[in-house]
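Listed below are the residues making up each chain.
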Amino acid sequence: MLQIRDLIWGLLFIGCAAAIQVQITPTQGEISVGDSKFFLCEVVGDAKDIDWYAPSGEKIAPNRPDIIVSRSDETMSTLTIYHANVDSAGIYKCVAKNGDKEAQATVQVKIFQRITFESAPSPQEFNEGDDADIVCDVVSSPPPTIIWKHKGSRIQVAKDVRFRIVDNGHLQIRGIKKTDEGMYNCEARVMARGEIDFRMIKVVVNVLPTIRARQSEVNSTADIGSSALLACDADGFPEPTVTWAHNNIVLETGDKYSLNEDGSELVIKDVKKVDEGDYTCIAKNKAGEKAEEVSLNVFVQPKITYLNNQTASEFDEQVTLTCEASGDPTPTISWSFENRVFSEGEQASWTRPDKYESLDRNIVVRSHARVSSLTLKNVLFTYAGQYLCTASNSIGQDNQHMYLEVRYAPKILGPVTVYTWEGNAANISCEVEAHPGASVVWFREGFQLPSANTTNMKIYNTPTISYLEITPDSQNDFGSYNCTATNVMGTESKEFLLIQADVPSSPEIQQVEPFSSTAVVKFEEPDSVGGVPIMKYRVEWRLPGQGWTGSEHDAKDDMTTITIVGLKPETIYEVKMSAINGKGEGESSPASTFKTEPVRYSFTISSEIPPPIAPTSMARREPSAPKLEARVQQRGNSIKISFIEQDDGGSPIKHFLVRYKPKHVSDWKPEIRLPNSSEYVLLNGLDWNTEYEVHVVAENQQGKSEPGIVSFRTATDTTTIPDAMADGSGLGTGAIVGILIVVFFLLLVGVDVTCYFLNKCGLLMCIAVNFCGKSGPGAKSKDIEEGKAAFTTDESKEPIVEVRAEEEHTPNQGGGPTEPNETTPLTEPEPAAADTTSTVVNLLPSTATNSVAESFSTAQSSPASESTTLTTSASSPTKAAPAKSSPQNSPAAQSSALNANTQPDVGPLVDLSDTPKVPSPCDPAPPVSEPVSPPSADPVKAPDSTQNKDLQVDGPTKDAPNTPCTDSTTSAQNDGKTVKDENTKGETELKNATDEVKTVPNEAPQMNGNESKA
């Protein structure tokens, strides 16, 4: 490759040696508008001039600003195009000259437009609902292709008719919405060059403000210093500004108005009537503005502006009272006089006045707008007085008084008859009403009083009443008296009568309500009072056939009952009444009979000693203190206070008053009032373990009793306390503990019985063995002497061990065989009494006369264990010869033998094979085990050491008669476990009164079960 290039240059050099050659580098050029580029013109050969020519053919001058030509040396010239534009395109020519030699070369310069965004502003704002034209002006050569994207996706114009891309590349959105707001991508592409560029345009959709008044109408009251609040809420995008205007004047914060931060609330201070009208709330933003009207209604309270006093004379044709008032709404005016109200009815107007007329048409009310008139026809003196004019509307009202003065002639009022009696002063009252005031003169029979010869008459005058006081001396002072009153309007006279008074008639007794010591008499007033008021009532009562006892009671208005006191319970009385006035006492009523109630006794225990009953008197008095009883309820902090009414004091009890408190505080709980029929009060929610004090007071018409007092203490905790004072319904703590102990004892007994029958153990087993000589049911012991003891046919029964000691033995009388019984051996008897080994031990002598037998059996832990039988006898010094017994003994012989010895010396058979060796309860002292030498001349040989090494002998008690087992032989006879036989085969002499102990080893020769093993 290098050789070919060198060859080409060599050929060119050779060819140019004869001519000039020009070459432009680069051979062609593309320049983007605004860019700069240079071209190098190289000349081969000698060239004097190197020039560049523009596409127009003109030589390019060296001083042009956009195109510069520079020659660096003799063989090279540079053409530089700065900031190329479309006009810079064309064919440029480089010409080299040297004399007559000339060479040239051309280069075509192409100017192209790169993608240029001439106008793509961001953001672009539009109003919601307008047709938006999103501007994106792009230029390039060739023209670019425009693509619009929104939210990362290309806008498909064919799918949404609201979108359209116009020829100039703009995006149009018909009826733009707030949801169309966001970032839009305007992307330009030139496929020929693979050029791409884009601009992100933010589209903002402005929303026209919406405005809403909180209240279209606002009511306010003028002239009371109140403020009015006008408010509207505006919304839009961007957030609109709110202003207020009134009468086309924009309102600003100041002394009269105040606005909040966003201008939505307008406060009008110290509202006046002139502030009434429409206020405009204006909301404005980039999208436009909206306005809303708010009406302010200013109401004015009524105010009476005109009302004057009037004067008239009686019997004038009419008089008119006028009242004017202002206010908004127009007030309604009404008139009132004393308890009468005169109104025009509905609200009046200028076009329809209202009218009100009384039934007699003497009073007429007319109303017209804000004026009302009250017309009084045929004026009477009773029309005089204060009249009230009231103006009212929905806001308030105003009242004002006026006085109507009526002038009239005197009018005499008051009763015309007066009652009195001789020597009693009486006043005749002449009450005069007149305007102006009148003068009063008294006359009798034409003579003015008082006259010179009348000393028992006096006159007292007041502004409205004249009193004539007369003290009658005789019947002549009773009669007619004249009162005359005179003023400028006229004169009035009236006759008064002074009449002789009489005593009242008798009252009528209607009912007598008895109590234990009192009675309430109900009566009706007398039909005739005699002309003067009743001053007192006399009540008299007595036991039938005895003298009357009476009391007087001051008369009161509407008095219908009188209480008499000091009566005896369950007693019949008679009662009568009479009335007394100033004249004297009238007749008595017919006597009425009644019987008092029995005394109510209380058998409760009170904490307070009741006060002694005061001596009865004829006057009513306060009741006595009630008796109290406190009873704790099921809940420890509740108490029931029962109270019983005592003496009612001659007047029925009205109610009971209860109050209580803890003793350690001074403040009482709120007082409780109970009706008179109550018998108790229940106090709940008391403090635990607190001592309380309760006071109960009975009250009648005369007053309150002394308090009944009781104290108590609540429980210590919240556990329920049985009602100890209830009727046996609760259980005390001791009873509950006793029940628990009994249940526990029964449970132990049940367990012990179960152990006794199943496992041969327990307390019952111990008692049966040690006290009664019995073994547990079902107990099985091994043979005491293996193969040599007597058994019954039932192998489940225990072996029978006999121990017998007798003083006398009677031979068998029957000689015949006896029927086998429970203790009859089934083996043949063998004579082996001589080689029976025994050990005799001397024990301490006993003072008992009865024989005591004790049997002990060692625990049979192995077949080689020994069985030890101890027999103790206490008898006279006579010798005891054991007699032989035969299996053929008859029952009769046995019976006679039993009868011969009333206290047989037979010990009980006790099986101690399963029980430990313990001292018998019959022995108060512990047993003593020691060898004792035989006291007789014929000692008994002791067994060998192999048989004695395990032998233990327990000594008997020293006081046998005091042991609890002296009667055990009797029980042993009854249960059939011991068989007594008259005939024994061996005999042992007891020379001394000692106890004999016999030991029978297991290896002893077999003997008859009925033989003695002594």
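As a reminder, the structure under discussion sits directly above these lines.
Cut-offs and rules
- Residues numbered from 1 in each chain as written.
- Predicted model: local features only at pLDDT ≥ 70, side-chain atom pairs only at ≥ 80, totals over all residues.
- Heavy atoms only, no water.
- Disulfide = S-S within 2.5 Å.
- Helix = DSSP H or I, 4+ residues; strand = E, 2+ residues; numbered from the N terminus.
- Buried < 20%, exposed > 50% of the residue type's maximum accessible area, 1.4 Å probe, protein only.
- Expected span 1.5 Å × (residues − 1).
- Core = buried A, V, L, I, M, F, W, Y, C linked by side-chain atoms within 4.5 Å.
- Pairing = 2+ DSSP bridges.
- Axes fitted to C-alpha atoms, helices over the stretch in contact; angles between N-to-C directions.
- Patch = residues over 30% accessible without salt bridge, like charges linked within 9 Å, V, L, I, M, F, W, Y side chains within 5 Å.
- Areas by Shrake-Rupley, 256 points an atom, 1.4 Å probe, with all protein chains shown as cover.
- Salt bridge = Lys/Arg side-chain N within 4 Å of Asp/Glu carboxyl O.

Visitor: Explain the state of the cysteines to me, please; I cannot follow it from the model alone.
Guide: Disulfides are covalent bonds that link the sulfur atoms of two cysteine residues. Scanning the model with the defined rule gives five disulfides in all. A disulfide bridge connects C232 with C281, and the sulfur atoms are separated by 1.7 Å. Of this pair, C232 sits in strand β20 (residues 228-237) while C281 is found in strand β25 (residues 277-285), placing the two residues 49 residues apart along the sequence. Judged by relative accessible area, which is 0%, C232 ranks as buried. The partner cysteine of C430 in its disulfide is C483, sulfur to sulfur 1.9 Å.

Visitor: I tried to follow helix α2 (residues 733-758) on my own but got confused; where do I start?
Guide: Counting along an α-helix, one turn takes 3.6 residues, and residues three or four places apart therefore face a common direction. Compared with the 38 Å implied by 1.5 Å per residue over 26 residues, the 38 Å span of α2 between its first and last C-alpha is a close match. Count one or two residues on from α2 and you reach K760, which has phi positive near 55°.

Visitor: Teacher, can you tell me more about the nonpolar core here?
Guide: Among soluble globular proteins, nonpolar side chains are generally buried collectively. One finds F39, W52 and Y92 to be the most contacted residues of the largest nonpolar core, which totals 25 residues. Listed in part, the 24 residues of the second largest apolar core include A325, W335, I363 and V379.

Visitor: What exactly am I supposed to notice about the sheet that holds strand β55 (residues 680-683) here?
Guide: The strands making up a sheet are joined through hydrogen bonds of the backbone, oriented either antiparallel or parallel. Reading across the sheet, the three strands line up as β51-β52-β55 and stay open at both edges, with antiparallel pairing between neighbours. At either end of the open sheet lies a strand with only one pairing partner, and these are β51 (627-632) and β55. Each strand of the sheet is rotated relative to its neighbour by a mean of 20°, with strand direction disregarded. Relative to strand β52 (residues 639-644), β51 runs antiparallel, the two sharing six bridges. Note on β52: the bridge partner recorded for E629 is S642.

Visitor: Sorry, what's going on with the sheet that holds strand β50 (residues 592-595) here?
Guide: Read across the sheet, four strands follow the order β47-β46-β49-β50 without closing on themselves; strand pairing throughout is antiparallel. Of all the strands in the sheet, the pair left with one neighbour each is β47 (549-554) and β50. Pairwise comparison of adjacent strand axes, ignoring direction, gives a mean angle of 30° for this sheet. Here strand β46 (residues 534-542) runs beside β47; their pairing, made up of six bridges, is antiparallel.

Visitor: Explanation requested: a nonpolar patch on the surface in the structure shown.
Guide: The grouping of V742, F745, L746 and V749 at the surface amounts to a nonpolar patch, some 390 Å² of accessible area in total. The residue V742 is located in helix α2 in this model. Judged by relative accessible area, which is 47%, V742 ranks as partly exposed.

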